[in-house]
Amino acid sequence: MKAVVLSDWGDASNFSVQDVPNPAIRPNEVLVRVRAFGVNPADFKTRSGTAPYAKAYTHPIILGWDMAGDIVAVGSEVTDFQQGDAVYGMVNFPEPGQAYAEYVAAPADNLALRPAKLTYEQAAAAPLAVLTAWQALTEHGHLEAGQTVLVQAASGGVGHLGVQLAKALGAKVIGTASGKNEAFVKSLGVDEFIDYTTTKVEEVLNDIDLVFDTAGADTIFQSAEVLKPGGRLISIAYGAMDKVLDKRPDITAERILVHTSGDDLRTINKLIDAGKLHIEVSQVLPADQMAEAHRQLESRRTTGKIVLHF
Ligand SMILES: NC(=O)c1ccc[n+]([C@@H]2O[C@H](COP(=O)([O-])OP(=O)(O)OC[C@H]3O[C@@H](n4cnc5c(N)ncnc54)[C@H](OP(=O)(O)O)[C@@H]3O)[C@@H](O)[C@H]2O)c1
């Protein structure tokens, strides 16, 4: 099969398309013919060697966790899926997922059936981002209907799904992005849009129940300022959470890491089937343009998601 192989830590020029052996499946796995695969900031942090989990990897590496495709073989212990099923999922995160390939061996419990409303490209774009947003808002944020949530970086891969999930959960949602993304973020259903390049959230907001901060770095300090006493800050990007809590000891602040879950995807599928979740794919690229995909992602200006295919 063909795969996008990373030869060394460093920049995106270390990717090349190569012929490699097809993966073998374990009893709990299925073999998926990959129709599209997604990229995430975690991919470039792993590629460069800066992600903490990258230390367990050895080169050459096939990166990639997000994919959608068709099952072509089923392990002996797998009962939930059969050959021919169209599936999607985040494979083995944060271990090597090896999804930048024509075939991937995936544990069955990482997968769900691809919702009929999603193309393969949209399904491949979704898993890591949508699981992150879902787990942040529900498992960690305990978001309840009627509460107010601020989503920082509402136009990004995770943020645009966070906005829609929070709305589906019955919250009032405020989203930040730069002005060029205002129409897009409003189309997702936000009750209020804030252009972070012209307005400081801490000067216009207060008494917020939950901030889902997907921007990271210094934004977590501003995010903490807008919370009501007892409010929650859930961050997914790097940032000095201990310093945030020094300044706001009356809030709960947590940096979380997404975990793979076919069950969560099945719950999310119901929202997709009900038309409550749009997956924005801003670009579909051929697999040999992986370096370009990584460079774009590293610019931190991507709207929605980038996906690739062979
Ligand atoms: N811990 C976890 O489990 C986990 C899971 C997923 C992602 N992450 C991390 O979360 C971060 C976001 O991931 P992602 O996939 O959503 O990234 P992304 O798609 O690359 O995010 C890009 C978006 O962020 C917006 N943005 C950038 N800086 C901003 C700021 N200061 N305020 C508001 N919006 C801003 C940009 O909007 P404009 O172009 O309009 O500025 C752009 O649309 C990354 O650092 C990623 O590694 C962590």
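Computed from a predicted structure; not experimentally measured. (Residues numbered from 1 in each chain as written. Predicted model: local features only at pLDDT ≥ 70, side-chain atom pairs only at ≥ 80, totals over all residues. Heavy atoms only, no water.)

Undergrad: Just checking my understanding: could you explain the overall build of the protein for this structure?
TA: Of the regular secondary structure elements, the protein holds 10 helices and 15 strands. Relative to the 2.2 N^0.38 estimate, which gives 19 Å for 310 residues, the radius of gyration of the protein is 19 Å and therefore close to what a compact globule would have. Based on the C-alpha atoms only, the size of the protein along its principal axes is roughly 55 × 40 × 35 Å. Here the protein holds 310 residues, and the buried ones make up 55% of them. (Helix = DSSP H or I, 4+ residues; strand = E, 2+ residues; numbered from the N terminus. Rg over C-alpha atoms; globule rule 2.2 N^0.38 Å. Buried < 20%, exposed > 50% of the residue type's maximum accessible area, 1.4 Å probe, protein only.)

Undergrad: What's the story with helix 4 (residues 159–168) in this structure? I'm lost.
TA: In an α-helix, one turn spans 3.6 residues, which is why side chains three or four residues apart end up on the same side. Of all the 10 residues making up helix 4, 8 are buried; the element is thus mostly covered by neighbouring parts of the structure. Taken as a whole, helix 4 has its buried residues at Gly-159, His-160, Leu-161, Gly-162, Val-163, Gln-164, Leu-165 and Ala-166. Phi turns positive one or two residues past the end of helix 4, at Gly-170, with a value near 90°.

Undergrad: Which parts of the structure should I look at to understand the UniProt feature "domain: Enoyl reductase (ER)" (unreviewed entry) in the protein?
TA: With numbering aligned to this structure, UniProt lists the feature "domain: Enoyl reductase (ER)" (unreviewed entry) at residues 10–308. Annotation note: span residues 10–308, helix share 28%, strand share 27%, distance between end C-alpha atoms 21 Å. (UniProt positions renumbered as here; feature names shortened; annotations may be inferred.)

Undergrad: What is the right way to read the sheet that holds strand 10 (residues 192–195) from this model?
TA: Reading across from one edge, 10-9-8-11-12-13 is the order of the 6 strands in this open sheet, with parallel pairing throughout. Of all the strands in the sheet, just strand 10 and strand 13 (252–255) have a single pairing partner and so form its edges. Mean inter-strand twist for the sheet, computed between neighbouring axes without regard to direction, equals 15°. Here strand 12 (residues 227–235) runs beside strand 13; their pairing, made up of 4 bridges, is parallel. Across the sheet, Arg-232 pairs through a bridge with Thr-252, a residue of strand 13. (Pairing = 2+ DSSP bridges. Axes fitted to C-alpha atoms, helices over the stretch in contact; angles between N-to-C directions.)

Undergrad: Explain the layout of surface pockets here, please?
TA: Regions of empty space are outlined by a rolling probe, equal in size to a water molecule, passed over the atoms. Taken as a whole, the largest pocket encloses approximately 1,100 Å³ of empty space. Lining the largest pocket are 48 residues, with Pro-41, Thr-214, Ala-215, Ala-237 and Arg-300 sitting closest to its centre. When residues of the lining of the largest pocket are traced back to their parent elements, those giving at least two are helix 1 (41–48), helix 3 (127–140), strand 9 (172–177), helix 6 (201–204), helix 7 (219–225) and strand 15 (305–309). It is helix 1 that contributes the most residues to the lining of the largest pocket, 4 residues altogether. Residues that form the lining of the largest pocket fall into these classes: 23 nonpolar, 17 polar and 8 charged. Counting the residues that make up the lining of the largest pocket, at least three belong to each of domain 1 (2–126 + 279–309) and domain 2 (129–255). Estimates place the volume of the second largest pocket at around 290 Å³. Around the second largest pocket, the lining comprises 16 residues; the ones closest to its centre are Pro-23, Ala-24, Gly-97, Gln-98 and Ala-105. Broken down by element, the residue count for the lining of the second largest pocket peaks at 3 residues, all from strand 6 (residues 103–107). For the lining of the second largest pocket, the residue count by class is 11 nonpolar, 3 polar and 2 charged. (1 Å grid on protein atoms, 1.4 Å probe; cavity = no way out; pocket = protein on both sides within 12 Å on 5 of 7 lines; lining within 4 Å. Points joined across faces, edges and corners; volume = space filled by probe spheres on them. Nonpolar A, V, L, I, M, F, W, Y, C, P; charged D, E, K, R; others polar. Domains from an automatic or database assignment.)

Undergrad: What exactly am I supposed to notice about the site of the ligand here?
TA: Taken together, 27 residues lie near the ligand, and Lys-45, Ser-178, Lys-180, Tyr-196 and Val-258 sit nearest. One nitrogen or oxygen atom from the side chain of Ser-178 is found 2.6 Å from an oxygen atom belonging to the ligand. Here Tyr-196 contributes a side-chain N or O atom positioned 2.5 Å from an oxygen atom of the ligand. Across the complex, the protein chains shield 93% of the 930 Å² of accessible surface that the ligand would expose by itself. Put simply, the ligand lies in the largest pocket. Elements supplying a minimum of two residues to the shell around the ligand: helix 1, helix 3 and strand 9. Here the shell around the ligand is built from residues that sort into 12 nonpolar, 10 polar and 5 charged. Inspection of the shell around the ligand shows a minimum of three residues originating in each of domain 1 (2–126 + 279–309) and domain 2 (129–255). (Near = heavy atom within 4 Å. Polar contact = N/O pair within 3.5 Å; in protein donor to acceptor, adjacent residues only side chain to side chain. Areas by Shrake-Rupley, 256 points an atom, 1.4 Å probe, with all protein chains shown as cover. Sits in = over half its atoms within 2 Å of the grid points.)

Undergrad: Quick question: what am I supposed to make of the pairing of strand 9 here?
TA: In regular strands, side chains alternate between the two faces of the sheet. Most of strand 9 is tucked away, with 5 of its 6 residues classed as buried. Between the parallel elements strand 8 (residues 148–152) and strand 9, the chain passes through helix 4 in a crossover that is right-handed. As paired strands, strand 9 and strand 10 are joined by 4 bridges and run parallel to one another. In the sheet register, Gly-175 faces strand 10, and the bridge partner there is Phe-193. (Right-handed = clockwise from strand over helix to strand, strands pointing away.)

Undergrad: Could you clarify how one ought to interpret the pattern of salt bridges in this entry?
TA: Should the charged atoms of two oppositely charged side chains come close, the side chains can pair. A complete count under the given rule lists 9 salt bridges for this structure. Residue Arg-248 is joined to Asp-250 by a salt bridge in which the shortest nitrogen-to-oxygen separation is 2.8 Å. Using a relative accessible area of 14% as the deciding quantity, one classes Arg-248 as buried. (Salt bridge = Lys/Arg side-chain N within 4 Å of Asp/Glu carboxyl O.)

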